[in-house]
Amino acid sequence: MARFLQLTDLHVVAEGAHASGVLDTRALLEAAIDRLIAMRAALDPLDALLVSGDISDDGSAGSYGFARAQLDRLGLPMFVVPGNHDARAPMRAAFADLDHVPGSGQIDWIAQVGDTRVIGLDTLVEGQGGGRLHDDSLAMLRDAVADATGPVLVMLHHPPIRTGIRFMDAIGLENTAALNATLADARADITLIAGHVHGVHHGRLGRHRVFTAPSTCSGFALDRRADAVTGFYLGPTGCAVIDTGADGIISAVPLDPADGPFSF
Ligand SMILES: [Fe+2]
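Residues numbered from 1 in each chain as written. Predicted model: local features only at pLDDT ≥ 70, side-chain atom pairs only at ≥ 80, totals over all residues. Heavy atoms only, no water.

1. Overview of the coordination of the iron ion
Alright, step 1. Within the first shell, the iron ion binds the protein through Asp54 (OD), Asn84 (OD1), His157 (NE2) and His196 (ND1), at distances of 2.1 to 2.3 Å.
Alright, step 2. Around the iron ion, the four donor atoms sit at angles spanning 86 to 171 degrees, and that spread fits a shape best called irregular.
Alright, step 3. All donors of the iron ion belong to a single chain; written as a sequence motif, their spacing is D-x29-N-x72-H-x38-H. Of this pair, Asp54 sits in the loop between β2 (48-51) and α3 (61-72) while His157 sits in the loop between β6 (152-156) and α6 (166-169), placing them 103 residues apart in sequence.
Alright, step 4. Its relative accessible area of 2% is what places Asp54 among the buried residues.
Alright, step 5. For His157, a relative accessible area of 0% gives the class buried. (Donors = N, O, S within 2.8 Å, 3.2 Å for Na, K, Ca; no water. Tetrahedral: all angles 85-135°; square planar, octahedral: opposite > 155°, others 65-115°. Helix = DSSP H or I, 4+ residues; strand = E, 2+ residues; numbered from the N terminus. Buried < 20%, exposed > 50% of the residue type's maximum accessible area, 1.4 Å probe, protein only.)

Listed below in structure tokens is the structure:
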């Protein structure tokens, strides 16, 4: 088994800016990391940090520099994929020293953490909200899954499930069917983890399970009505802990301050 901390949708902005004019995402990320360091003994042993995109909100070099410095404070091996708000060139520059980040092209990769094969897939189509997987990413995935001998974790920003949040489903993963076809015959124990939807959702892609983690900066309401308001909430914020052992436990961890624990 291996145990992973997943952070997603940090939406860090340039210094002095606020995401969507409201969110001080630099302060929110710093507070999230403070909180994770404070609770670290309760979560350990953690083997690696997985960051599933929208690291930056504005694609600025300053946003990536700040995000990297904060993520480094956790002192964990770190793996990253981009989201729709990211920009590949400055993101690549900020994480270029990490072995898994390729020097050009999509930020797709294969890593081994303990017995677990971790595969990162780049769904970013620069200039649009929805995501798409390239044919060569799917070919890489097919090969990486075929020769895996232990559990497999696939990380991508856009989840291959529809959550019912209409404005997010409208900018979902365009070629979920192709991903499904790629993994349909895979015999490995595969879990797909994503972000993008700023909340916890569980679903399936074929017989493989899919999980989305909460954001470190904002939340989206589940509202299935046709006239649902498009917008975000200041919380709940959180992250996830993913265990690839026999029980395969995935836990959402709230990051909003809460008093306690109180005795029963
Ligand atoms: Fe996103």
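2. Notes on the environment of Asp243
Alright, step 1. Its location among the elements puts Asp243 in strand β10 (residues 238-243).
Alright, step 2. Distance in space between the C-alpha atoms of Asp243 and Leu46 is 9.2 Å, their sequence separation being 197 residues.
Alright, step 3. In this structure the side chain of Asp243 is engaged in a polar contact, spanning 2.9 Å, whose partner is the backbone nitrogen of Gly245. (Polar contact = N/O pair within 3.5 Å; in protein donor to acceptor, adjacent residues only side chain to side chain.)

3. A look at the sheet that holds strand β7 (residues 190-194)
Alright, step 1. Pairing within the open sheet is mixed, and its six strands lie in the order β4-β5-β6-β7-β9-β8. The sheet is open, and its two borders are formed by β4 (109-113) and β8 (201-205), each paired with just one other strand. Across the sheet, the mean angle from the axis of one strand to that of its neighbour is 25 degrees, orientation sign disregarded.
Alright, step 2. As paired strands, β8 and strand β9 (residues 208-212) are joined by five bridges and run antiparallel to one another. Residue pairing in the sheet places Gly203 in a bridge with Val210 of β9.
Alright, step 3. Contacting β5 (116-121), β6, β7, β8 and β9, helix α7 (residues 176-183) runs over the sheet at an angle of about 65 degrees to β8. (Pairing = 2+ DSSP bridges. Axes fitted to C-alpha atoms, helices over the stretch in contact; angles between N-to-C directions. Contact = heavy atoms within 4.5 Å.)

4. Here we look at the pairing of strand β11 (residues 250-254)
Alright, step 1. Bridge count between β10 and β11: five bridges; the pairing is antiparallel. Residue pairing in the sheet places Ile242 in a bridge with Ile250 of β11.
Alright, step 2. Count of turn residues in the β10/β11 antiparallel hairpin: six residues, of which Gly248 carries a positive phi of about 55 degrees.

5. Some details on the environment of Arg142
Alright, step 1. Positionally, Arg142 belongs in helix α5 (residues 135-146).
Alright, step 2. A residue is classified by how much of its surface remains accessible, and Arg142, at 43% relative accessible area, is partly exposed.
Alright, step 3. In this structure, the C-alpha to C-alpha distance between Arg142 and Asp108, residues 34 residues apart in sequence, is 13 Å.

6. Looking at a nonpolar patch on the surface
Alright, step 1. Residues Val22, Phe232 and Leu234 make up a contiguous nonpolar surface patch of about 280 Å² in total accessible area.
Alright, step 2. Structurally, Val22 is set in the loop between β1 (3-7) and α1 (25-38). (Patch = residues over 30% accessible without salt bridge, like charges linked within 9 Å, V, L, I, M, F, W, Y side chains within 5 Å. Areas by Shrake-Rupley, 256 points an atom, 1.4 Å probe, with all protein chains shown as cover. Salt bridge = Lys/Arg side-chain N within 4 Å of Asp/Glu carboxyl O.)

7. Things to note about the sheet that holds β11
Alright, step 1. If you walk across this open sheet you meet the five strands as β3-β2-β1-β10-β11, and the pairing is mixed. This sheet does not close on itself; its edge strands, each paired only once, are β3 (78-80) and β11. Between one strand axis and the next, the sheet turns by 25 degrees as a mean value, whatever way the strands run.
Alright, step 2. Bridge count between β1 and β2: four bridges; the pairing is parallel. Residue pairing in the sheet places Phe4 in a bridge with Ala48 of β2.
Alright, step 3. Packed on one face of the sheet, α3 meets β1, β2 and β3 and runs near 145 degrees to β3.

8. Observations regarding the packing of α3 against helix α4 (residues 88-95)
Alright, step 1. Where α3 contacts α4, the axes come no closer than 9 Å and their chain directions differ by 35 degrees. In this structure, the crossing between α3 and α4 has a hand that is right-handed. Packed against α3, whose contacting residues are Tyr64, Arg68 and Leu71, the element α4 presents Pro90, Met91, Ala94 and Phe95 at the interface.
Alright, step 2. Class assignment for the residues of the contact of α3 with α4 results in six nonpolar, no polar and one charged. (Left-handed = near helix turned anticlockwise from the far one by under 90°. Nonpolar A, V, L, I, M, F, W, Y, C, P; charged D, E, K, R; others polar.)

9. What about the packing of aromatic side chains?
Alright, step 1. Applying the stated rule across the entire model yields two aromatic pairs.
Alright, step 2. The interplanar angle of 35 degrees and the centroid separation of 5.3 Å between the aromatic rings of Phe79 and Trp109 together place this pair among those described as tilted. Highlighted residues: Phe79 in strand β3 and Trp109 in strand β4, separated in sequence by 30 residues. Assigned by exposure class, Phe79 and Trp109 land together as buried.
Alright, step 3. With centroids separated by 5.3 Å and ring planes inclined at 65 degrees, the aromatic side chains of Phe167 and Phe220 adopt a geometry described as edge-to-face. On the criterion of sequence distance, the pair formed by Phe167 in helix α6 and Phe220 in the loop between β9 and β10 is long-range, its members being 53 residues apart.
Alright, step 4. The class of Phe167 is partly exposed, set by a relative accessible area of 21%. (Phe/Tyr/Trp six-rings, centres within 6.5 Å; stacked < 30°, edge-to-face > 60°.)

Such coordinate-based values are descriptive only and should not be taken to indicate function.
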